[in-house]
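# Coordinates in review
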Amino acid sequence: MKRTHYFLIFLLGFLAFTNPVKSQTFGKNGMVVSDHYLASEVGVEILKKGGNAIDAAVATAFALAVTHPEAGNIGGGGFIVFMKSDGDVTTFDFREKAPLEASPTMFLDENGEIKDNSNHRGLLSVGVPGTVAGLYQAHQKYGKLPWKDLVEPAIQLAKKGFPMSWGLYRVATRISDADESWDIMKNYFRNSEGEIVAPGELWKQEALAETLTEIKNHGRDGFYKGKVAAEIEAYMKANGGIITQEDLAKYEAVERKPVSTTFDGYEIFSMPPPSSGGVALIEMMNLLEAASIKEVEFNSTAYVHLVAEAMRRAFADRAEFLGDPDFNPKMPVDKLISKEFAKGRFENLDLNHASKSDSSKFGQLYGGDHTTHFSVTDKDGNAVSLTYTLENSYGVKMGSEKLGFIFNNEMGDFNPIPGVTTSTGLIGSDPNLVAPEKRMLSSMTPTIVAKDGKPYLVIGSPGGRTIINTVFQTVLNVLVYEMRIDRAIEAMKIHHQWLPDQILYERHLLSPDTRKALEEMGHKLRPTNNLGVLMGITYDSELGIWVGAADSSSEDGGARGY
Ligand code: GLY
């Protein structure tokens, strides 16, 4: 063989080993799968240093705030589902809260209509951020390594920079000058010469590095008190916002009991309210168990019909009943997730015809879809499923240049007009109206499925209200259709959310014949390019290894194991 052939073989071997765009990644001692390969690498380095899944999750979350700022954040909020190696499961709720000055009609003009899209645009749409408090609380209770070691990698990424990707560059050229009011975006992606950082060039974020250093040195107080909090208040006051230092000082993350169910010998654990995700996921799993989904072929007409009808019912219940549990003590969560309730809920199911969504009462638009999920496991069998968000991509696209991070526009997840619900998508039911210090209802669905008391599947996704359904179908794909994790993530997904009364389906993945049959049953169909950006891990108990996969629709995502 010529020397060039040896070189070629070596090169291909090297690429196969290092190529980040692999369908599956394996790890004996742990795995991190996130929307940015560098953040996954940060997490794995923490595992290698003896950190557990919580330590790695905290470090990954801070790293994503630097490398994946459309959703990775310190200016937003989210949820952790944590399964400990002893089988115990807990959750951390660090959802944003409405400021003390908020009120149910704060977004309305004199005609009772939403003024200038103010629940999504401008600083009134910003909820009091929860991310730093949530990560800190989870670390205080379950972390092993020092807090400082977990924030430091993100500081280094922000200070020294990391290579601008084509995905980020494309967004940077679109949003830097798109809107006069998006103050922080104007210079966000620019280098010291005032040019948008080119693909491959190092992108540095000095102001963010300083804010992260405050958090590293002072823990949660580095964000909620002291100079960062003072600058947040000053920036809000100067630009029409209402968040004060008092709001920040009062913010608390909450540890909550997960919602759970059993399914065919597995246990499913997910996030309770103020996320609607876990309740809806469990209701749908129970519905499909009652409807013997195992006898239905994947992607058949019967499959899409059954899955859509489960979604229709779970989303109607979500709209009617769910909100912040601290403000809705009588929410019927136990009932909604019970097997008994599921049996009754499918009583009016017609196997040959679509049901009708009753538009007289409830309904909702698709939500903002810029959230991010990551999954982490460690050598001892601990698992973290973490989803956090800024609501829209780059949140409200506003923030202080002195602090270097972007605020969420999560107030848009509250019901904006009390009592007004329309078939086109507005919802006005009581449980999710704005109130001071209340958390807005979420759809985030960080989930862990256990087999024999140990993590078997760790999964979650962004996608606004579609999150619940993409997680639901991925769980079905693994548990019912026995797909390997990468294929379960990539497989065809649909979305139905009661109102609008239609099935959204991934273009090209649902056959024309199936679509025709569904239309004949009375379903309305609408194509979309993609549903979900799922990040998942499964456990192969025969080999004793973690198997990770990042959704191919993530521009920079990556699974890293060791
Ligand atoms: N902002 C998306 C969600 O929380 O559901």
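Residues numbered from 1 in each chain as written. Predicted model: local features only at pLDDT ≥ 70, side-chain atom pairs only at ≥ 80, totals over all residues. Heavy atoms only, no water.

### Thoughts on the site of the ligand
Lining the immediate environment of the ligand, one finds Arg-95, Thr-371, Thr-389, Glu-391, Glu-410, Asp-413, Ser-442, Ser-443 and Met-444. Asp-413 places a side-chain nitrogen or oxygen 2.9 Å from a nitrogen atom of the ligand. Ser-442 has a polar side-chain atom sitting 2.7 Å from an oxygen atom of the ligand. When the ligand sits alone it has 200 Å² of accessible area, and the protein chains cover 98% of it. Residues that form the shell around the ligand fall into these classes: one nonpolar, four polar and four charged. (Near = heavy atom within 4 Å. Polar contact = N/O pair within 3.5 Å; in protein donor to acceptor, adjacent residues only side chain to side chain. Areas by Shrake-Rupley, 256 points an atom, 1.4 Å probe, with all protein chains shown as cover. Nonpolar A, V, L, I, M, F, W, Y, C, P; charged D, E, K, R; others polar.)

### Concerning the packing of helix α12 (residues 277-290) against helix α13 (residues 301-321)
Following both chains from N to C, one finds α12 and α13 inclined at 140°, their axes separated by 9 Å at the closest point. The pairing of α12 with α13 is recorded here as oblique in orientation. Crossing geometry of α12 relative to α13 is assigned as right-handed. Packed against α12, whose contacting residues are Ala-280, Glu-283, Met-284, Leu-287 and Leu-288, the element α13 presents Leu-306, Val-307, Ala-310, Met-311, Arg-313, Ala-314 and Asp-317 at the interface. (Axes fitted to C-alpha atoms, helices over the stretch in contact; angles between N-to-C directions. Helix = DSSP H or I, 4+ residues; strand = E, 2+ residues; numbered from the N terminus. Parallel < 35°, antiparallel > 145°, perpendicular 65-115°, else oblique. Left-handed = near helix turned anticlockwise from the far one by under 90°. Contact = heavy atoms within 4.5 Å.)

### Re the packing of α12 against helix α16 (residues 466-479)
Look at α12 against α16: their axes get within 10 Å of each other, and the N-to-C directions meet at 40°. As judged from the angle between their axes, α12 and α16 are oblique. Every pair of crossing elements has a handedness; the one defined by α12 and α16 is right-handed. Contacts from Gly-277, Ala-280, Leu-281, Met-284, Met-285 and Leu-288 in α12 reach Ile-468, Asn-469, Val-471, Phe-472, Val-475 and Leu-476 in α16.

### Comments concerning the UniProt feature "active site" (unreviewed entry) in the protein
Following the UniProt record, one finds the feature "active site" (unreviewed entry) at Thr-371. For Thr-371, the position within the fold is in strand β10 (residues 371-377). In this view, Thr-371 contacts Ala-71, Thr-387, Tyr-388, Thr-389, Met-444, Pro-462, Gly-463 and Ile-467; residues no more than four positions away in its chain are not counted. (UniProt positions renumbered as here; feature names shortened; annotations may be inferred.)

### Description of the packing of aromatic side chains
The full count for this structure, using the stated rule, is 21 aromatic pairs. A centroid spacing of 5.7 Å and a plane angle of 90° characterise the contact between Trp-166 and Tyr-169, whose relative ring orientation is edge-to-face. Remark: Tyr-169 and Trp-166 occur in helix α6 (residues 166-175); sequence separation between them is three residues, near one turn of the helix. What makes Trp-166 exposed here is its relative accessible area of 64%. For the pair Tyr-224 and Tyr-251, a centre-to-centre distance of 5.8 Å together with 15° between the ring planes defines the contact as stacked. A residue pair is termed long-range when its members are at least 10 positions apart, and Tyr-224 in helix α9 (residues 221-224) and Tyr-251 in the loop between α11 (245-250) and β7 (254-256) qualify at 27 residues. Residues Tyr-224 and Tyr-251 agree in their burial class; the two are buried. (Phe/Tyr/Trp six-rings, centres within 6.5 Å; stacked < 30°, edge-to-face > 60°. Buried < 20%, exposed > 50% of the residue type's maximum accessible area, 1.4 Å probe, protein only.)

### Remarks on the pairing of strand β4 (residues 89-94)
Counting buried residues in β4 gives six out of six residues, a clear majority hidden from the surface. Where strand β3 (residues 77-83) lies against β4, six bridges are found, and the strand directions are antiparallel. Across the sheet, the residue bridging to Gly-78 is Phe-94, located in β4. The antiparallel hairpin formed by β3 and β4 contains five residues in its connecting segment, where Gly-87 sits at a positive phi of about 95°. Bridging between β4 and β7 involves three bridges; their strand directions are antiparallel. When the sheet's bridge partners are listed, Thr-91 is paired in β7 with Arg-256. (Pairing = 2+ DSSP bridges.)

### Some words on the nonpolar core
In a soluble, globular protein the nonpolar side chains are often hidden away together inside. Counting residues in each nonpolar core, the largest one holds 81 residues, and the members touching the most others are Phe-62, Ile-74, Phe-189, Leu-212, Phe-223 and Ile-232. Of all the elements, helix α3 (residues 53-67) adds the most residues to this core, at twelve residues. When sequence neighbours within four positions are dropped, the list of residues in contact with Phe-189 reads Met-164, Leu-168, Ala-172, Ile-175, Ser-176, Glu-195, Ile-196, Val-197, Trp-203 and Tyr-394. Counting 74 residues, the second-largest nonpolar core is a separate cluster that includes Met-285, Ile-485, Val-533 and Met-535. (Core = buried A, V, L, I, M, F, W, Y, C linked by side-chain atoms within 4.5 Å.)

### Focus: unusual backbone geometry
Most of the time, phi is negative for any residue but glycine, and the peptide bond is trans. Residue Pro-274 follows Pro-273 across a cis peptide bond; omega there is 20°. Considering the arrangement of structural elements, one finds Pro-274 in the loop between β9 (266-270) and α12. Going from Leu-499 to Pro-500, the amide bond is cis rather than trans, its omega being -5°. Checked against the element boundaries, Pro-500 lands in the loop between β14 (494-495) and β15 (503-506). Positive phi is not limited to glycine here, since Tyr-394 has a value of about 60°. Following the sequence through the fold, Tyr-394 ends up in the loop between β11 (383-389) and β12 (447-451). Even without a glycine there, the phi angle at Trp-498 is positive, about 70°.

### Considerations on the sheet that holds strand β16 (residues 525-528)
Each strand in a sheet pairs with another by means of backbone hydrogen bonds, the pair being arranged parallel or else antiparallel. Strand order in this open sheet of three strands is β14-β15-β16, and the pairing throughout is mixed. At either end of the open sheet lies a strand with only one pairing partner, and these are β14 and β16. By the bridge criterion, two bridges tie β14 to β15 in an arrangement that is antiparallel. Bridge pairing in β15 places His-495 opposite Leu-504.

### Description of the pairing of β16
Relative to β16, β15 runs parallel, the two being bridged by four bridges. The residue bridging Tyr-505 from the neighbouring strand is Pro-527, located in β16. The parallel pair β15 and β16, bridged by helix α18 (residues 512-520), forms a crossover whose chirality is right-handed. (Right-handed = clockwise from strand over helix to strand, strands pointing away.)

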